[in-house]
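# Secondary and tertiary structure notes
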Amino acid sequence: MVATPTKLNYDIKDISLASLGRQRIEWAAREMPVLAQITERFNTEKPLAGIRLVACCHVTTETANLAIALQAGGADAVLIASNPLSTQDDVAACLVNDYGIPVYAIKGEDNATYHRHVQTALDHKPNVIIDDGSDVVATLIKERQHQLADLIGTTEETTTGIVRLEAMFKDGVLTFPAMNVNDADTKHFFDNRYGTGQSTLDGIIRATNVLLAGKTLVVAGYGWCGKGVAMRARGLGSNVIVTEINPVKAIEAAMDGFRVMTMDEASRLGDVFVTVTGNKHIIRKEHFEAMKDGAMVCNSGHFDIEIDLEALKGMSREVKEVRNFTQQYLLNSGKSVIVLGEGRLVNLAAAEGHPSAVMDMSFANQALACEYLVKNKDVLQPGIHSIPTEVDQEIARLKLQAMGISIDTLTPAQIEYMNSWTVGT
């Protein structure tokens with residue numbers, strides 16, 4: 001344990017929640033053996049010694065274990081929330097009280113508080129930024145150009161954030177290396193698909209207690225997150241419809257056995273709608289007008305803009321909280337639309353986010369990406385960089401080892417065959 005500094009700045013709900021947070025962080029750690037091994041090595045080697053680090057993430061039990069790993073590596077880290085509804089206040093309290101990590105995160109914080117926390121994080125003058133959605137990086141570029149000289153690089157593990165980084169690079173403002181954690185095989189194949197799939201439905205069920213069997217559930221977007229939601233919803237007995245803009249993904253969804261159609265068509269049929277696109281206004285005014293009375297909408301993408309809540313509010317004569325994280329919009333037409341988690345990430349707003357077992361690999365990628373940035377700071381060029389294949393493979397190997405699973409290795413003859421063009425079939 002690291003002693004709490006005598007003057008530790010933080011902005012959290014209630015530091016007296018620390019003991020409960022510690023129990024929950026330790027529970028999550030049971031399912032995170034890969035990150036535990038990295039933490040043990042970091043504690044010995046200190047690869048992040050002297051590095052000022054800012055992490056803008058969902059403040060959950062899993063993120064806490066990442067923060068502990070980074071601290072073990074020697075980083076001087078500050079943690080802020082990337083989403084106003086995803087913070088677990090007891091976890092924030094434990095990190096401050098028991099580990100001396102400055103945390104600026106309160107569940108339900110308003111936008112003004114969030115933006116203040118971003119500025120506070122940048123006051124730390126980070127050398128490395130871990131971002132969820134690239135808000136901290138974007139703010140640094142737009143408002144604090146003089147601090148760019150301090151920055152070694154950033155890591156990003158959301159699709160939305162990668163899209164923003166690509167736009168920055170295209171505009172010539174990404175003048176530092178950015179590690180694309182999101183596209184690592186041990187991240188998106190597992191975190192996006194199995195994590196989002198399970199935790200999204202967990203959030204819907206906790207918020208509403210509805211039976212999903214027999215319901216028509218519409219998934220907007222068939223990327224890895226959409227695939228996970230569709231697969232899990234079908235497993236619970238839902239009739240799943242997929243909407244897409246990408247013809248290849250649409251064909252894949254159809255061949256996976258799902259009905260594929262436009263949102264205009266789906267809006268008349270769905271009982272539950274889940275957006276997982278990373279884009280804005282996927283569900284709009286004309287869709288709300290066509291929906292059944294009592295249709296439920298939620299988002300499991302990144303920001304709350306996937307659902308056009310301003311349009312919905314303008315169509316409504318009353319908005320009331322009917323359950324925790326469940327708002328009923330009574331439309332002027334007399335119908336109602338139910339919004340879960342205020343349109344923010346329903347798996348974090350109404351539940352606990354991804355299971356620890358999948359975040360183990362995602363956060364292993366984050367920790368090793370930070371190490372890679374620091375070790376290669378003099379050779380990495382500005383732009384977006386993939387996680388090295390050998391790092392990805394090592395994380396998978398460690399995960400298999402922790403699960404007690406052995407796999408085959410190639411024989412010398414097989415290696416020769418795969419690397420030769422002269423050996424025939």
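To keep things clear, this report deals only with the structure shown in the data block.

What counts and what doesn't
Residues numbered from 1 in each chain as written. Predicted model: local features only at pLDDT ≥ 70, side-chain atom pairs only at ≥ 80, totals over all residues. Heavy atoms only, no water. Helix = DSSP H or I, 4+ residues; strand = E, 2+ residues; numbered from the N terminus. Rg over C-alpha atoms; globule rule 2.2 N^0.38 Å. Buried < 20%, exposed > 50% of the residue type's maximum accessible area, 1.4 Å probe, protein only. Contact = heavy atoms within 4.5 Å. Patch = residues over 30% accessible without salt bridge, like charges linked within 9 Å, V, L, I, M, F, W, Y side chains within 5 Å. Areas by Shrake-Rupley, 256 points an atom, 1.4 Å probe, with all protein chains shown as cover. Salt bridge = Lys/Arg side-chain N within 4 Å of Asp/Glu carboxyl O. Pairing = 2+ DSSP bridges. Lys, Arg positive; Asp, Glu negative; His and termini not counted. Expected span 1.5 Å × (residues − 1). Arc of directions from axis to C-beta. Right-handed = clockwise from strand over helix to strand, strands pointing away. Axes fitted to C-alpha atoms, helices over the stretch in contact; angles between N-to-C directions. Parallel < 35°, antiparallel > 145°, perpendicular 65-115°, else oblique. Left-handed = near helix turned anticlockwise from the far one by under 90°. Nonpolar A, V, L, I, M, F, W, Y, C, P; charged D, E, K, R; others polar.

### Re the overall build of the protein
Scanning the protein from terminus to terminus reveals 17 helices and 15 strands. In terms of C-alpha radius of gyration, the protein reaches 22 Å, essentially the compact-globule figure of 22 Å for 425 residues. For the protein, the spread of C-alpha atoms along the principal axes amounts to about 70 × 65 × 45 Å. Burial analysis of the protein (425 residues in total) assigns 55% to the buried set. In the protein, 73% of the contacts between residues at least 6 apart in sequence involve partners at least 24 apart.

### Description of a nonpolar patch on the surface
Taken together, the side chains of Leu410, Ile415, Tyr417, Met418 and Val423 define a hydrophobic patch exposed on the protein surface, amounting to about 490 Å² of accessible area. Its place among the elements puts valine 423 in the segment after helix H17 (412–418).

### Here's the deal with the sheet that holds strand E15 (residues 383–386)
What the 7 strands build is an open sheet, ordered E3-E2-E1-E4-E5-E6-E15; its pairing is parallel. The two strands at the open ends of the sheet, each matched to only one other strand, are strand E3 (103–104) and E15. Where strand E5 (residues 153–156) lies against strand E6 (residues 177–180), 3 bridges are found, and the strand directions are parallel. Looking at the pairing, glutamate 156 lines up with asparagine 180 of E6.

### What to know about the sheet that holds strand E11 (residues 295–299)
Taken in spatial order, the 8 strands of this open sheet run E9-E8-E7-E10-E11-E14-E13-E12, and their pairing is mixed. A strand with exactly one partner marks an edge of an open sheet, and here the two such strands are strand E9 (259–260) and strand E12 (316–323). Pairing geometry for E12 and strand E13 (residues 326–331), over 6 bridges, is antiparallel. Bridge pairing in E13 places valine 319 opposite tyrosine 329.

### Here we look at the side chain of asparagine 127
With respect to the element layout, asparagine 127 can be found in the loop between helix H5 (111–122) and strand E4 (128–131). Asparagine 127 gets classed as buried once you look at its relative accessible area, which sits at 10%. With near-sequence residues (within four places) excluded, asparagine 127 lies in contact with Gly50, Ile51, Arg52, Asp150, Leu151, Ile152 and Gly153.

### With respect to the environment of proline 388
Considering the arrangement of structural elements, one finds proline 388 in the loop between E15 and helix H16 (389–403). Looking at proline 388, the relative accessible area reads 12%, which means it is buried. The spatial distance from the C-alpha of proline 388 to the C-alpha of threonine 159 is 18 Å, given a sequence separation of 229 residues. Setting aside its immediate chain neighbours within four residues, proline 388 contacts Met179 and Tyr372.

### What to know about the side chain of aspartate 308
Inspection of the secondary structure assignment puts aspartate 308 in the loop between E11 and helix H13 (309–314). Within the buried core, aspartate 308 has no salt-bridge partner, and the shortest N-O distance to an opposite charge, that of arginine 284, equals 6.8 Å. When sequence neighbours within four positions are dropped, the list of residues in contact with aspartate 308 reads His281, Ile283, Arg284 and Phe288.

### Overview of H16
For H16, spanning 15 residues, the distance from its first C-alpha to its last is 21 Å, which sits close to the expected 21 Å at 1.5 Å a residue. Those residues of H16 lying buried are Val391, Asp392, Ile395, Leu398 and Lys399. Down the axis, H16 shows its buried residues gathered within 130° of arc, on one side only. Facing away from the buried side of H16, by more than 90 degrees, are the exposed residues Thr389, Glu390 and Gln393. Where the residues of H16 are buried, they touch helix H2 (33–45), helix H8 (185–208) and helix H15 (356–375). The positive-phi residue at the C-terminal boundary of H16 is glycine 404, with phi of around 75°.

### A few points about the environment of valine 319
Position of valine 319 among the secondary structure elements: in strand E12. Valine 319 gets classed as partly exposed once you look at its relative accessible area, which sits at 37%. Counting along the chain gives 58 residues from valine 319 to methionine 261, while the straight-line C-alpha distance between them is 30 Å. What valine 319 contacts, discounting residues up to four positions off in sequence, is Gln327, Gln328 and Tyr329.

### Regarding the pairing of strand E8 (residues 239–243)
The buried fraction of E8 is high, at 4 of 5 residues. Of the pairings in the sheet, the one linking strand E7 (residues 216–220) to E8 comprises 5 bridges and is parallel in character. Of the residues in E8, the one forming a bridge with leucine 217 is valine 240. In the classification by handedness, the crossover that spans E7, the intervening helix H9 (residues 224–235) and the parallel E8 is right-handed. Where E8 and E9 come together, 2 bridges link them in parallel fashion. Across the sheet, isoleucine 241 pairs through a bridge with arginine 259, a residue of E9.

### What about the packing of H2 against H16?
H16 packs onto H2 with a crossing angle of 115° between their chain directions and a minimal axis gap of 8 Å. With respect to each other, H2 and H16 are oriented roughly perpendicular. Between H2 and H16 lies a crossing whose hand is right-handed. Listed contacts from H16 to Pro33, Val34 and Gln37 of H2 are Ile395, Leu398, Lys399, Gln401 and Ala402. Split into classes, the residues belonging to the contact of H2 with H16 amount to 5 nonpolar, 2 polar and 1 charged.

Treat this as a map of the structure, not an account of what it does.
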